[in-house]
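Structural overview for review
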Amino acid sequence: MKYQGVLKKMKTENSSQIQYYLDMNSDFLNMNQLLDKEIVISFVTYECLNCHLEKKVFRQGYCKSCFFEIPNAADWIMKPELSKAHLNIEDRDLAYEKSVQLKPHIVYLANSSNVKVGVTRKQQVPTRWIDQGAHEALEIVEVPNRYLAGITEVALKEYVADKTNWRKMLKNDIEDENLVEWRDKLKVFIPEEAKEYFIENNLETHLSFPVLKYPEKPKSLNLIKTPTFKGKLVGIKGQYLIFEDETVFNVRSNEGLVVSIEI
Ligand SMILES: [Zn+2]
């Protein structure tokens, strides 16, 4: 069977083991069913996720002109502390910004390769943690808008990482951390404006990824330089496909590439 479509990050479902789905036009591939099977991925062309033109991807699956124009690629996406909809100030499209920013947001601790702090919309829990390959996570603050979540993250970044080491995450070179202890240690550093939203009593969420074999030296597949890759799929973690020869492919960072997948 051969499928073709533009790559978008895999959809996930949190069951006893996380289920991954790749949208290939009209077909949804359940990637878990491809474990232990040979697949061939080939680069076909580009397709911007916004304008759908055959233009080179600049960032986040968008061509350069879309990336600098559309409201869902503005700076406050990556830097929540820049959010201004709560002040009624427009960045690119105030109606859109209100619809996203003025919703409950979560500041969380997650452990993917190390403990890190992050921000997500409440409705993106636990999707965000799955996408990062975190095997454990804990919500620590729930605020009514993105700005408050952003300034809380900025304050806590002084004391805890905000990045994942993807190699460590994929090697499963991880330690279980007591995130409740981390939360209690960090509490004092939450900014005044957000203190009332601290979540006192909740428990860690644990996530289990479908991986048969972790790579020892993961090497990243660049589908532009190597337009066809064939390998046996042995795992999926975060948004990475893991192959038997230790090649890994980050679906999310390849959004906007049209590929064919042969099974
Ligand atoms: Zn575009």
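Structure's up top.
This text gives an overview of the structure that appears in the document. (Residues numbered from 1 in each chain as written. Predicted model: local features only at pLDDT ≥ 70, side-chain atom pairs only at ≥ 80, totals over all residues. Heavy atoms only, no water.)

Structural notes on the nonpolar core
Put simply, the rule is: Here the nonpolar core consists of buried residues drawn from Ala, Val, Leu, Ile, Met, Phe, Trp, Tyr and Cys, with membership extended through side-chain atoms lying within 4.5 Å. Each residue is assigned to one of three classes by its accessible area relative to the maximum for its type, calculated with a 1.4 Å probe on protein chains only: buried under 20%, partly exposed between the two thresholds, exposed over 50%. It only takes one pair of heavy atoms within 4.5 Å for two residues to be counted as in contact.
Residues Leu22, Met31, Leu241 and Phe249 are the most contacted members of the largest nonpolar core, which totals 42 residues. In this structure methionine 31 touches Met10, Tyr20, Leu22, Leu233, Ile236 and Leu241, once residues within four positions along its chain are discounted. One finds Val115, Val119, Val143 and Leu179 within the second-largest nonpolar core, a separate group that totals 20 residues.

Brief notes about the layout of surface pockets
Stated formally: Here a cavity is any set of points on a 1 Å grid over the protein atoms alone where a 1.4 Å probe fits but cannot get out, and a pocket is any open set with protein on both sides within 12 Å along at least 5 of 7 lines; a residue lines the site when it has an atom within 4 Å of a point. Grid points are joined across faces, edges and corners, and a volume is the space filled by probe spheres set on the points. The numbering of helices and of strands both runs from the N terminus, where a helix is a DSSP run of H or I of at least 4 residues and a strand a run of E of at least 2. Each residue gets one label: Ala, Val, Leu, Ile, Met, Phe, Trp, Tyr, Cys and Pro are nonpolar, Asp, Glu, Lys and Arg are charged, and the others, such as Gly, are polar. The domain limits used here are those given by an automatic or database domain assignment.
There is about 1,800 Å³ of room inside the largest pocket. Considering the residues around the largest pocket, the lining is formed by 44 residues, among which Ile77, Met78, Arg128, Gln132 and Arg252 are closest to the centre. Those elements that provide at least two residues to the lining of the largest pocket are strand 2 (11-13), helix 2 (75-78), helix 3 (94-101), strand 7 (115-121), helix 4 (127-132), helix 5 (146-156) and helix 6 (166-171). Considering each element in turn, the lining of the largest pocket owes the most residues, six residues, to strand 7. A per-class count over the lining of the largest pocket returns 15 nonpolar, 12 polar and 17 charged. Each of two domains, domain 1 (63-102) and domain 2 (105-206), supplies a minimum of three residues to the lining of the largest pocket.

Focus: helix 7 (residues 179-186)
Rules: By construction, the arc corresponds to the directions joining the helix axis to the C-beta atoms. Contacts described as polar in this section are N or O atom pairs within 3.5 Å, which, within protein, must combine one atom able to donate a hydrogen with one able to accept it, while residues neighboring in sequence count only if both atoms come from side chains.
Of the residues making up helix 7, those classed as buried are Leu179, Trp182, Arg183 and Leu186. End-on, the buried residues of helix 7 take up no more than an arc of 100°, which puts them together on one face. Opposite the buried face of helix 7, by more than 90 degrees, sit the exposed residues Glu181 and Lys185. Those residues of helix 7 that are buried lie in contact with strand 6 (105-111), strand 7, strand 8 (136-143) and helix 5. With a side-chain oxygen positioned 3.1 Å from the backbone nitrogen of valine 180, the residue opening helix 7 is asparagine 178.

Some thoughts on the sheet that holds strand 7
Here is the rule: We treat two strands as partners when DSSP finds at least two bridges between them. Lines fitted to C-alpha atoms define the axes, with helix axes restricted to the stretch in contact, and inter-axis angles between N-to-C directions lie between 0 and 180 degrees.
One open sheet holds the four strands; their spatial order is 7-6-8-9, and the pairing between them is antiparallel. Only two strands of the sheet have a single partner each, and these edge strands are strand 7 and strand 9 (205-206). Pairing of strand 8 with strand 9, which is carried by two bridges, proceeds in the antiparallel orientation. Looking at the pairing, alanine 137 lines up with threonine 205 of strand 9. Contacts from helix 5 reach strand 6, strand 7 and strand 8 within the one sheet, and its direction differs from that of strand 7 by about 170°.

A look at unusual backbone geometry
With an omega of 5°, the peptide bond between valine 125 and proline 126 qualifies as cis. In this fold, proline 126 is placed in the loop between strand 7 and helix 4. Although it is not a glycine, asparagine 88 adopts a positive phi angle of roughly 70°. Within the element layout of this structure, asparagine 88 appears in the loop between helix 2 and helix 3. Residue classification places asparagine 88 among the partly exposed positions, given a relative accessible area of 48%. Phi is positive for glutamate 246, close to 75°, though the residue is something other than glycine. Within the secondary structure, glutamate 246 is located in the loop between strand 12 (240-243) and strand 13 (247-250). Accessibility expressed as a relative area gives 17% for glutamate 246, which makes it buried.

With respect to the packing of aromatic side chains
Convention followed: When the centres of two rings from Phe, Tyr and Trp lie within 6.5 Å, Trp using its six-membered ring, the rings pair. Their planes under 30 degrees apart give stacked, over 60 give edge-to-face, and anything left gives tilted. A ring is scored as having a charge over it whenever the NZ atom of a lysine or the CZ atom of an arginine sits within 6 Å of its centre and within 35 degrees of its normal.
All told, the structure shown has nine aromatic pairs when counted by the stated rule. Relative to phenylalanine 67, the ring of phenylalanine 58 lies with its centre 5.5 Å away and its plane at 65°, an arrangement referred to as edge-to-face. With centroids separated by 3.7 Å and ring planes inclined at 15°, the aromatic side chains of tyrosine 159 and phenylalanine 189 adopt a geometry described as stacked. Here tyrosine 159, found in the loop between helix 5 and helix 6, pairs with phenylalanine 189, found in the loop between helix 7 and strand 9; they are 30 residues apart in sequence, far enough to count as distant. Each member of the aromatic cluster is reached from another via a ring pair, and the members are Phe58, Phe67 and Phe68. For the cation-ring pair, lysine 185 lies above tryptophan 182, with the distance from its terminal atom to the ring centre recorded as 4.3 Å.

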